[in-house]
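Below are the chains, spelled out letter by letter.
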Amino acid sequence: MRSLTPVVLLLGGLFHLTLAQQPPYYMHRCQRDDPEVNECLRYAGNKLTQHLREGGIPEIGITDVEPVVVDEISIALGSGPDGYRASFKNIEAFGVSNLTFVNIRSDIDTLQFQMTLEIPRIKAKAQYKSSGVLLLLQASGSGEYWGEYEGVKAKVYMKTSPYQGDDGFTYLNVDQAKMDFSVKDIKMGVENISNSNAILHAAMNLFINTNAQELLKEMKPQLRTKLTEHLHNFMQVLFDRIPLEYWLE
């Protein structure tokens, strides 16, 4: 049995070498010293995203990437006891996976990345609850919220560091993630409002759509924090399951 040990180790090393030489179908490997490495990484990111959106990648345990779920955010308009307050819970966003990497800037030596993303349309739904006065009407109640966000652009920054896996490959840890986003066009509305009438329903939807960008501005700090957490966690899952050797050589 002892005589077999060197053979087993050799075969194991050759197996890992073969894996490193042949990235899986969902990956495109880039050369570290390629002058066009950023363009290559952009292509690789879009290839990976395409596979994630078209049914996921079962080989690494990712089969469902949508909806993106945010537990809760809230807004406050006005002050005092009659100020309008609204909370949105169990927010589900669809269409995020239809993103495109339009630009990537990288520092390969320090493993830092800046990315610009575009998403044509995101549809969201949530349960909402509100209280206070809106447009001189008592707007307390609860119901269903929907939103359509078109022309979404996001800028993402990530700082990573390498660690050695038990399999001998190198993996990345997400040390820091930041993001910001903008939306070109927004449509929002509420439905099935409890304790309301047709006048209040129409008034609320008119107010929401007339002031959609201002409402998004109120939501943005919390939404950005929640989405950054989601991005951080999702990228960590990817980096824990896809060796750096598949990204770069």
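Residues numbered from 1 in each chain as written. Predicted model: local features only at pLDDT ≥ 70, side-chain atom pairs only at ≥ 80, totals over all residues. Heavy atoms only, no water.

Colleague: Account for the packing of aromatic side chains, with residues named and values stated.
Modeller: Taken as a whole and assessed by the stated rule, the structure comprises six aromatic pairs. Summarising the aromatic geometry, the rings of Tyr25 and Tyr26 are spaced 5.1 Å apart at their centres and angled 90° between planes, so their arrangement reads as edge-to-face. Overall, the relative accessible area of 42% leaves Tyr25 in the partly exposed class. (Phe/Tyr/Trp six-rings, centres within 6.5 Å; stacked < 30°, edge-to-face > 60°. Buried < 20%, exposed > 50% of the residue type's maximum accessible area, 1.4 Å probe, protein only.)

Colleague: Any details on the pairing of strand S4 (residues 112–131)? Residues and values, ideally.
Modeller: One ladder, built from eight bridges, connects strand S2 (residues 84–94) with S4; its direction is antiparallel. Across the sheet, residue Phe94 finds its bridge partner in S4, namely Lys123. By the bridge criterion, seven bridges tie strand S3 (residues 100–107) to S4 in an arrangement that is antiparallel. Looking at S4, one finds that Phe101 is bridged to Leu117. What sits between S3 and S4 in their antiparallel hairpin is a turn of four residues, with Leu111 showing a positive phi close to 55°. Judged from the 18 bridges that link them, S4 and strand S7 (residues 141–164) form a sheet pairing that is antiparallel. Across the sheet, residue Ile122 finds its bridge partner in S7, namely Tyr149. (Pairing = 2+ DSSP bridges. Helix = DSSP H or I, 4+ residues; strand = E, 2+ residues; numbered from the N terminus.)

Colleague: Give me the lowdown on the nonpolar core, citing residues and values where you can.
Modeller: Within the largest apolar cluster, 69 residues are counted, with the highest numbers of intra-cluster contacts made by Leu48, Phe88, Tyr149 and Ile242. Discounting chain neighbours no more than four positions away, the residues touching Phe88 are Asp71, Glu72, Ile73, Ile75, Ala126, Gln127, Tyr128, Tyr145 and Met219. (Core = buried A, V, L, I, M, F, W, Y, C linked by side-chain atoms within 4.5 Å. Contact = heavy atoms within 4.5 Å.)

Colleague: Any details on the pattern of salt bridges? Residues and values, ideally.
Modeller: Scanning the model with the defined rule gives seven salt bridges in all. With a shortest N-O distance of 2.9 Å, Lys226 and Asp71 are connected by a salt bridge. With Lys226 in helix H4 (residues 212–241) and Asp71 in strand S1 (residues 68–77), the pair connects residues that are 155 residues apart, well separated along the chain. On the basis of relative accessible area, Lys226 is assigned to the partly exposed category, the value being 26%. For Asp71, a relative accessible area of 46% gives the class partly exposed. Here Asp180 and Arg224 are joined by a salt bridge, their closest N and O atoms 3.2 Å apart. One end of the pair, Asp180, is in strand S8 (residues 170–191); the other, Arg224, is in helix H4, and 44 residues separate them in sequence. What makes Arg224 partly exposed here is its relative accessible area of 28%. A network of salt bridges, in which partner residues are shared, links Asp180, Lys220 and Arg224. (Salt bridge = Lys/Arg side-chain N within 4 Å of Asp/Glu carboxyl O.)

Colleague: Give me the lowdown on the state of the cysteines, citing residues and values where you can.
Modeller: Scanning the model with the defined rule gives one disulfide in all. Bridging Cys30 to Cys40, the disulfide has an S-S length of 2.1 Å. Residues Cys30 and Cys40 are joined by a disulfide whose S-S torsion is about -95°; by sign, that bridge is left-handed. Residue Cys30 is found in the loop between helix H1 (5–21) and helix H2 (37–53), and its partner Cys40 is found in helix H2; the two are separated by ten residues along the sequence. The two residues Cys30 and Cys40 agree in class, both being buried. (Disulfide = S-S within 2.5 Å.)

Colleague: Any chance you could break down helix H3 (residues 198–210) for me, citing the residues and the numbers?
Modeller: End to end, H3 covers 18 Å across 13 residues, agreeing with the expected 18 Å (1.5 Å per residue, within 8%). By the burial criterion, the buried members of H3 are Leu200, Ala203, Met204, Asn205, Phe207 and Ile208. (Expected span 1.5 Å × (residues − 1).)

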